[in-house]
Amino acid sequence: MKKILDGNIHFKDGERELGPTIGDFWAWAMSRLMADGPRGDLAEFIVNTALGSDMTIPKKGWGECDILYRGKRVEVKCSSVLQEWVRDTPSRPVFSIAKTLACDCVEQSDGNYIYQKRPDDDFPQRRSEVYVFCLFSESDRQRADPADFSQWQFYIVLTAVLNERLGDQRQISLQGLERIGAFKCSYSVLKASVDKVLMLE
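Our subject in this report is the structure included herewith. (Residues numbered from 1 in each chain as written. Predicted model: local features only at pLDDT ≥ 70, side-chain atom pairs only at ≥ 80, totals over all residues. Heavy atoms only, no water.)

**Describing the overall build of the protein chain**
Next, step 1: What the protein chain contains, in helices and strands, is 5 helices and 11 strands.
Next, step 2: Residue burial in the protein chain is summarised as follows: out of 201 residues, 35% are buried.
Next, step 3: Contacts in the protein chain between residues far apart in sequence, at least 24 positions, make up 62% of those at least 6 positions apart. (Helix = DSSP H or I, 4+ residues; strand = E, 2+ residues; numbered from the N terminus. Buried < 20%, exposed > 50% of the residue type's maximum accessible area, 1.4 Å probe, protein only. Contact = heavy atoms within 4.5 Å.)

Here you go:
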């Protein structure tokens, strides 16, 4: 199983150690926390920290779920009231709930992946037991700080509810989450709320 890199590791040019470090790269690449890509990774990080995941293991790039928690598969989705760019009108946060085919990659014990043939009888489906929808909810651009977990809201829904109520629908809005009875909570009680929805208490 691969482990996370040490931010103090220096890049090299062959045998010659260079000045820049892995930490320098992370700071350069991931400081735009309002941007779609980094914000999505941050949402997964937030949920993992709340659930007490082993954070010495890197984020998975492939797989049927984002997090495996107490034997349950968790899918993490992210949206935001604000975007990195300034808009004339406020964003309307939406989340993807599209069904997917099975992943072509299988993770090996060493953390690497191999491609294998997709089952002929596979069909698009939602592959986790529960979804955690993460909304960066701060609307004041001057105050907005994605690193402040109090500025996030979380909505938890069993996949069975999505399947029953929404069928093949590919996206859902905040109003849609409220209509289907999503469990809303803050970061401080996210773990307890996931446990409650999954009936793991």
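**Observations regarding the environment of Ile 180**
Next, step 1: Among the structural elements, Ile 180 can be located in the loop between helix H4 (174-179) and strand E11 (183-185).
Next, step 2: Separated by 14 residues in sequence, Ile 180 and Leu 166 have C-alpha atoms that sit 8.9 Å apart.
Next, step 3: With residues up to four places along the chain from it excluded, the contact list for Ile 180 reads Val 157, Val 161, Leu 162, Arg 165, Leu 166 and Ile 172.

**Regarding the layout of surface pockets**
Next, step 1: The space that makes up the largest pocket amounts to roughly 990 Å³.
Next, step 2: For the largest pocket, the lining is made up of 24 residues, of which Phe 45, Met 55, Ile 57, Pro 58 and Lys 59 are closest to its centre.
Next, step 3: The greatest single-element share of the lining of the largest pocket, amounting to 6 residues, is contributed by helix H2 (residues 36-51).
Next, step 4: Residue classes in the lining of the largest pocket are distributed as 15 nonpolar, 2 polar and 7 charged.
Next, step 5: Of the voids in this model, the second largest pocket is the one considered here, and its volume is about 450 Å³.
Next, step 6: Lining the second largest pocket we find 29 residues, and of these Asp 66, Glu 75, Val 76, Lys 77 and Thr 100 sit closest to its centre.
Next, step 7: Put simply, the parts of the chain that give the lining of the second largest pocket at least two residues each are H2, strand E4 (72-80) and strand E5 (94-96). (1 Å grid on protein atoms, 1.4 Å probe; cavity = no way out; pocket = protein on both sides within 12 Å on 5 of 7 lines; lining within 4 Å. Points joined across faces, edges and corners; volume = space filled by probe spheres on them. Nonpolar A, V, L, I, M, F, W, Y, C, P; charged D, E, K, R; others polar.)

**Some remarks on a nonpolar patch on the surface**
Next, step 1: A cluster of nonpolar side chains, Leu 5, Ile 9, Phe 11, Phe 25, Trp 26 and Trp 28, forms an exposed patch at the surface whose accessible area comes to about 650 Å².
Next, step 2: No other element matches the 3 residues that helix H1 (residues 22-30) contributes to the nonpolar patch.
Next, step 3: Among the secondary structure elements, Ile 9 is positioned in the segment before strand E1 (10-13). (Patch = residues over 30% accessible without salt bridge, like charges linked within 9 Å, V, L, I, M, F, W, Y side chains within 5 Å. Areas by Shrake-Rupley, 256 points an atom, 1.4 Å probe, with all protein chains shown as cover. Salt bridge = Lys/Arg side-chain N within 4 Å of Asp/Glu carboxyl O.)

**Quick look at the pattern of salt bridges**
Next, step 1: Applying the stated criterion to the full structure yields 11 salt bridges.
Next, step 2: One salt bridge in this structure joins Lys 77 and Glu 75, with 3.4 Å as the shortest N-O distance.
Next, step 3: Where Arg 143 meets Glu 138, a salt bridge forms, and the shortest distance between an N and an O atom there is 2.5 Å.
Next, step 4: What you see here is one network of salt bridges that share partners, running through Asp 41, Glu 44 and Lys 59.

**Some remarks on the pairing of strand E9 (residues 152-158)**
Next, step 1: Of all 7 residues making up E9, 5 are buried, and the element is well covered by its neighbours.
Next, step 2: As defined by bridge partners, strand E8 (residues 130-136) adjoins E9 across 7 bridges and the pair is classed as antiparallel. Within E9, the residue paired with Cys 134 across the bridge is Phe 154. (Pairing = 2+ DSSP bridges.)

**A short note on the side chain of Thr 159**
Next, step 1: One can find Thr 159 in helix H3 (residues 159-166).
Next, step 2: In terms of polar contacts, Thr 159 uses its side chain to reach the backbone amide nitrogen of Val 130, at 3.3 Å.
Next, step 3: When residues no more than four places from it in sequence are discounted, the contact partners of Thr 159 are Arg 126, Ser 128, Glu 129, Val 130 and Tyr 131. (Polar contact = N/O pair within 3.5 Å; in protein donor to acceptor, adjacent residues only side chain to side chain.)

**Notes on the side chain of Ser 173**
Next, step 1: With respect to the secondary-structure elements, Ser 173 resides in strand E10 (residues 171-173).
Next, step 2: Engagement of the side chain of Ser 173 in a polar contact is seen with the backbone nitrogen of Gly 176, the distance being 3.1 Å.
Next, step 3: Beyond its immediate stretch of four places on either side in the chain, Ser 173 contacts Arg 92, Pro 93 and Val 94.

**A word on the pairing of strand E2 (residues 16-21)**
Next, step 1: Note that E1 and E2 share 3 bridges and pair antiparallel. Note on E2: the bridge partner recorded for His 10 is Thr 21.
Next, step 2: Joining the antiparallel neighbours E1 and E2 is a turn of 2 residues, in which Gly 14 adopts a positive phi near 70 degrees.

**Here's the deal with the packing of aromatic side chains**
Next, step 1: As enumerated under the stated definition, the model contains 5 aromatic pairs in all.
Next, step 2: Here Phe 25 and Trp 28 contribute two aromatic rings whose centre-to-centre distance is 6.3 Å and whose plane-to-plane angle is 35 degrees, an arrangement assigned as tilted. With Phe 25 and Trp 28 both in helix H1 and 3 residues apart, the pair spans about one turn of that helix.
Next, step 3: Overall, the relative accessible area of 40% leaves Phe 25 in the partly exposed class.
Next, step 4: Looking at Trp 28, the relative accessible area reads 70%, which means it is exposed. (Phe/Tyr/Trp six-rings, centres within 6.5 Å; stacked < 30°, edge-to-face > 60°.)

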